[in-house]
Amino acid sequence: MDWDEQKALIAATCGHPLNERYPVRASYQEAFVKRLMQLLKDHEELHDDLFSSLTSQKCEQQDKDFAYKHYLLLQPDAHITLRESISFVNEGTTGLCTWEAALALADYLMQHSDVVKGKNIVELGAGTGLIGILLKLPELGFDAGQILLTDGSASCVQLMRDNVALNFPKTPKEATPQCEQLRWDEVQDFPWQQYAKTDLVLAADVIYDDSQFDALLDALDHLFTSRGNCLEMLLASTVRNVDTLHKFMEQLTNREYKVTPCANVSACVSHFCRDHTAAVQIISIKR
């Protein structure tokens, strides 16, 4: 790469306007630049912007617990910016960062937009709010109905609200995803009458802990029964423990749910930068 090409690359990555306003994790940017320097080690000269991008973010990033991620989608100007925890567990929850299953489900919905068209959607354990934000981006034309993002953690709900405000700064609130706290064992006490009738339930990475199965299944029973079983759920799960997944599937069968596997999106057509070596299972649940 010549001098101008190096400058252009840094301008399109570390110097991208999104990153300058909402910086990614400092350690990630440092690793990226060091890797780039390694690739360019045989060049006679390296652009000054390479060195300055190593130090600038360390000086600027004041929040030690949170940073930003940006997903630039294929459509012009379509992008998602999320504020996330830099730790897997923060404030007693794992929901303050986006996990692989959520990215896989987002990919699936990008490929099968008919699934959400005109549907009023509730997401359980929505975490950072990625999927709800994706479905309401006007550039993508999903044409989904009302989106209600829920999580049992108050910290996650506040983060979702912050991310929704970040991605829809000029959109009327009623046209953006709604964010509310919902504990699965208190699903009957939730003010469902304030929201549109649910057509589709979404969830990603919510069945890693079998001690929560009963509460989750009771919540599903309530949602399905309230809609006369005219409801579908799409559930994405990272395959960490096969026995845990099998146990949940058995309990679904015991409660007379029908499970249908859904095809994953291959890496070559994925819209999201994610770890495709992590096995993710997406299923449709009906009754």
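Conventions we followed
- Residues numbered from 1 in each chain as written.
- Predicted model: local features only at pLDDT ≥ 70, side-chain atom pairs only at ≥ 80, totals over all residues.
- Heavy atoms only, no water.
- 1 Å grid on protein atoms, 1.4 Å probe; cavity = no way out; pocket = protein on both sides within 12 Å on 5 of 7 lines; lining within 4 Å.
- Points joined across faces, edges and corners; volume = space filled by probe spheres on them.
- Nonpolar A, V, L, I, M, F, W, Y, C, P; charged D, E, K, R; others polar.
- Pairing = 2+ DSSP bridges.
- Helix = DSSP H or I, 4+ residues; strand = E, 2+ residues; numbered from the N terminus.
- Axes fitted to C-alpha atoms, helices over the stretch in contact; angles between N-to-C directions.
- Contact = heavy atoms within 4.5 Å.
- Salt bridge = Lys/Arg side-chain N within 4 Å of Asp/Glu carboxyl O.
- Buried < 20%, exposed > 50% of the residue type's maximum accessible area, 1.4 Å probe, protein only.
- Left-handed = near helix turned anticlockwise from the far one by under 90°.

- As recorded in an unreviewed UniProt entry, the chain goes by the name Blast:Protein FAM86A, listed as coming from Drosophila guanche.

Thoughts on empty space enclosed by the protein
Right, so step 1: The tally for this structure, following the rule as stated, stands at one cavity of 30 Å³ or more.
Right, so step 2: One number sums up the size of the largest cavity: a volume of about 40 Å³.
Right, so step 3: As for the largest cavity, its lining consists of Asn120, Ile121, Val122, Gln146, Leu148, Trp192, Tyr195, Ala196 and Thr198.
Right, so step 4: Looking at side-chain class alone, the lining of the largest cavity contains six nonpolar, three polar and no charged residues.

Observations concerning the sheet that holds strand S7 (residues 232–238)
Right, so step 1: Strand order in the open sheet made by the seven strands is S5-S4-S3-S6-S7-S9-S8, with mixed pairing throughout. The sheet terminates laterally at strand S5 (178–181) and strand S8 (258–262), the two strands that pair on one side only. Going across the sheet, the axis of each strand differs from the next one's by a mean of 20°, ignoring polarity.
Right, so step 2: Bridge count for S7 against strand S9 (residues 280–286) is six bridges, and the pairing is antiparallel. The residue of S9 that forms the bridge with Met233 is Ile285.
Right, so step 3: The sheet contacts of helix H8 (residues 213–226) involve strand S3 (121–124), strand S6 (200–204), S7 and S9, and relative to S7 the element is tilted by about 160°.
Right, so step 4: Here helix H9 (residues 242–254) sits on the sheet and contacts S7, S8 and S9; the angle it forms with S9, its principal contact strand, is near 5°.

As for the pattern of salt bridges
Right, so step 1: On inspection of all chains with the given rule, the structure shows twelve salt bridges.
Right, so step 2: In this structure, the salt-bridge partner of Asp221 is Arg255, at a minimum N-O distance of 2.6 Å. Residue Asp221 is located in helix H8, and its partner Arg255 is located in the loop between H9 and S8; the two are separated by 34 residues in the primary sequence.
Right, so step 3: The class for Asp221 is buried, based on a relative accessible area of 18%.
Right, so step 4: Sharing partners across several salt bridges, the network here consists of Asp218, Asp221, Arg255 and Arg287.

As for the packing of H8 against H9
Right, so step 1: Close contact between H8 and H9 brings their axes to 11 Å; oriented N to C, the two are set at 35°. As H8 packs across H9, the resulting crossing turns out to be right-handed. In this structure, H8 contributes Phe213, Asp214, Leu216, Leu217 and Leu220 to the contact, and H9 contributes Thr244, Lys247, Phe248, Gln251 and Leu252.
Right, so step 2: Here the residues of the contact of H8 with H9 sort into six nonpolar, two polar and two charged.

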